[in-house]
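Inside the fold
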Amino acid sequence: MTDYEQKIIQLREESAALKAQIAQNRAATQDKTFADFSLQPLDKLKIKCRGDLKGHLAKVYGLAWSNDNRHVVSAGQDGKLIVWNALKRYKVTMADLQSNWVMTCAYSPSGNFVASGGLDNVCAIYAVGDASSTSLKLHRQLQGHTCYISCCKFLTDRHILTSSGDATCVLWDIDRGRAVQTFQGHLSDVMSLSVAPDQHTFVSGGCDGLAKLWDIRQGKCGHTFEGHTSDINYVDFFPNGLSFGTGSDDTSCRLFDIRADREIQSYRDKTIKDGVTSISFSKSGRLLFAAYDDQRVIVWDTITGQILKTLADHTNRVSCLAVSPDGTCLATGSWDHSLKLWA
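My aim in this report is to walk through the structure given alongside it, one point at a time. Values in this document were obtained by computation on a predicted structure and should not be read as measured data.

Next up on the list: the environment of Phe-244. Positionally, Phe-244 belongs in strand β19 (residues 243–248). Relative accessible area serves as the criterion here: at 0%, Phe-244 is assigned to the buried category. Remark: the alpha-carbon pair of Phe-244 and Thr-304, spanning 60 residues in sequence, is separated by 16 Å.

Another point: the pairing of strand β12 (residues 168–173). Of all 6 residues in β12, 6 are buried; the element is thus mostly enclosed. Side chains of β12 alternate between two faces, with Thr-168, Val-170 and Trp-172 and Cys-169, Leu-171 and Asp-173 buried alike. Of the pairings in the sheet, the one linking strand β11 (residues 159–164) to β12 comprises 5 bridges and is antiparallel in character. Note on β12: the bridge partner recorded for His-159 is Asp-173. Bridge count for β12 against strand β13 (residues 178–184) is 6 bridges, and the pairing is antiparallel. Pairing of Val-170 across the sheet is with Thr-182, part of β13. The turn linking β12 back onto β13 is made up of 4 residues, and Gly-177 within it adopts a positive phi angle of 70 degrees.

Given two aromatic rings, one states the distance between the centres and the angle between the planes to describe the pair. For the coordinates displayed, the defined rule picks out 10 aromatic pairs. Where Phe-202 meets Trp-214, the ring centres are 6.2 Å apart and the plane angle is 15 degrees; that geometry is what we call stacked. One end of the pair, Phe-202, is in strand β15 (residues 201–206); the other, Trp-214, is in strand β16 (residues 211–215), with 12 residues separating them in the sequence. Ring pairing ties together the aromatic residues Phe-225, Phe-237, Phe-244 and Phe-256, which thus form one cluster. Positioned above the aromatic ring of Trp-335, the side-chain terminus of Lys-59 is 3.8 Å from the ring centre.

Our focus in this paragraph is the environment of Leu-42. Tracing the sequence through the fold places Leu-42 in the loop between α1 (3–29) and β1 (49–54). Leu-42 sits 262 residues away from Thr-304 along the chain, and the two C-alpha atoms are 10 Å apart. The residues contacting Leu-42, other than those within four sequence positions of it, are Arg-286, Leu-287, Asp-301 and Leu-308.

What follows concerns unusual backbone geometry. Non-glycine residue Gln-199 carries a positive phi angle of around 60 degrees. Within the element layout of this structure, Gln-199 appears in the loop between β14 (190–195) and β15. Positive phi outside glycine occurs at His-337, with the angle close to 80 degrees. Looking at the secondary structure, you find His-337 in the loop between β27 (330–334) and β28 (338–342).

Applying the stated criterion to the full structure yields 11 salt bridges. Linking Asp-250 and Arg-254 is a salt bridge whose minimum nitrogen-to-oxygen distance equals 3.8 Å. Classification of Arg-254 as buried rests on a relative accessible area of 8%. Between Asp-293 and Arg-317 there is a salt bridge whose closest N-O contact spans 2.4 Å. Residue Asp-293 is found in the loop between β23 (287–292) and β24 (297–301), and its partner Arg-317 is found in the loop between β25 (307–311) and β26 (318–323); the two are separated by 24 residues along the sequence. Residue class for Asp-293 comes out partly exposed when judged on its relative accessible area of 26%.

What counts, and at which threshold
Residues numbered from 1 in each chain as written. Predicted model: local features only at pLDDT ≥ 70, side-chain atom pairs only at ≥ 80, totals over all residues. Heavy atoms only, no water. Helix = DSSP H or I, 4+ residues; strand = E, 2+ residues; numbered from the N terminus. Buried < 20%, exposed > 50% of the residue type's maximum accessible area, 1.4 Å probe, protein only. Pairing = 2+ DSSP bridges. Phe/Tyr/Trp six-rings, centres within 6.5 Å; stacked < 30°, edge-to-face > 60°. Lys NZ or Arg CZ within 6 Å of the ring centre and 35° of its normal. Contact = heavy atoms within 4.5 Å. Salt bridge = Lys/Arg side-chain N within 4 Å of Asp/Glu carboxyl O.

Structural data, given as C-alpha cells:
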C-alpha cells in the first residue's frame, strides 16, 4: 500500500470520527421529542375525491396552483401545458410544448405566467393572457443547464429558480433571459427545490440523498441535512418556514428543523415498499400528503408520524401533488393521464 493510499484511509477514518462526534453533540442537545408531548388526536379525516380534470393524453408529470386558489397548471408527456379552472373543472388555455419530455411546471405569484421544464434542458416561460386567450404565448426560453430541468419555482414574475440533473440550481432573470446566480454543492442530480415563505432561502434535494439549505442573497449553502439512504425526489417547506419535509426513494418522508439542524420526525411504515414521488403540507402543517409509486397518496400526522388516511383513486403512479394556497383543496396528478381534486 502506498503512502497516498494510507493517507486516504487515515483521512476517511478521521472524517467518520468527526461525523460521529457531531451526531453525539447534536443528540446531547435534544432535550425533547414529539413523543414527549400528549396531543388531542385528530378527528377522522373526511377527505375524498371531489372531481377529475381530464384532458391529458399521456402521463401527467407536474402541477402547480395559482395564488387565486382557482387555477391549476399541469404538464404532461403528451406535450401539453394546460391551465385549468379547478372550481368549475374545465380547461382555460393551453400550450404545445417544444418537447414532450416535460418534468415540472410552475405558476407565477401574479398568475400572469406559467413555466415548464424537462429533458430539453430549457425552462420555458409562457404568458397566460386574459380570459379570451385560447393559447399560452411563449414569453421566454431560459437556456444554460447542461442536463434536464427537474423543478422550477417562481420568486416573482421576473425571477425563477430551477434545479437540474447537472447537479446545480440556477436563479434566472426572466426579462433579461440569463442566469443571475448558480448554486453548486450537490454531488448528483438535483430533483426538487422549495422556496421559503420569506423568499430569502430555498431548500433543494437530490440523488445524493442530501437536502441543502441555500441563502439566495449570498448564493451559498448554509446547511446540509443528511438521513435519507436513497434519492430525495421532493422537498417542501413547512408553512412557517422554519422546517421542511423531504420524500425519498427509500420509502420514507422526513421532517427537518432548520433551527435545530436535525431531523425531528420520520414518516415510514413497514407496509410501504415504494418510493415517494411528491409531498405537500396542509396549510396548518398538521398534515403531510405524500404520493407514492404504487398509486397511493398517504396522509400523515406530522407530529405523531401516524398514517391518518390513504387516498387510492388513481389507477397508476401518482407523480405530483400540491395543496392549494388557502389549504382547502389537494390536487394530484398521475400516470393515468388525469388530475384529481380532493377536499
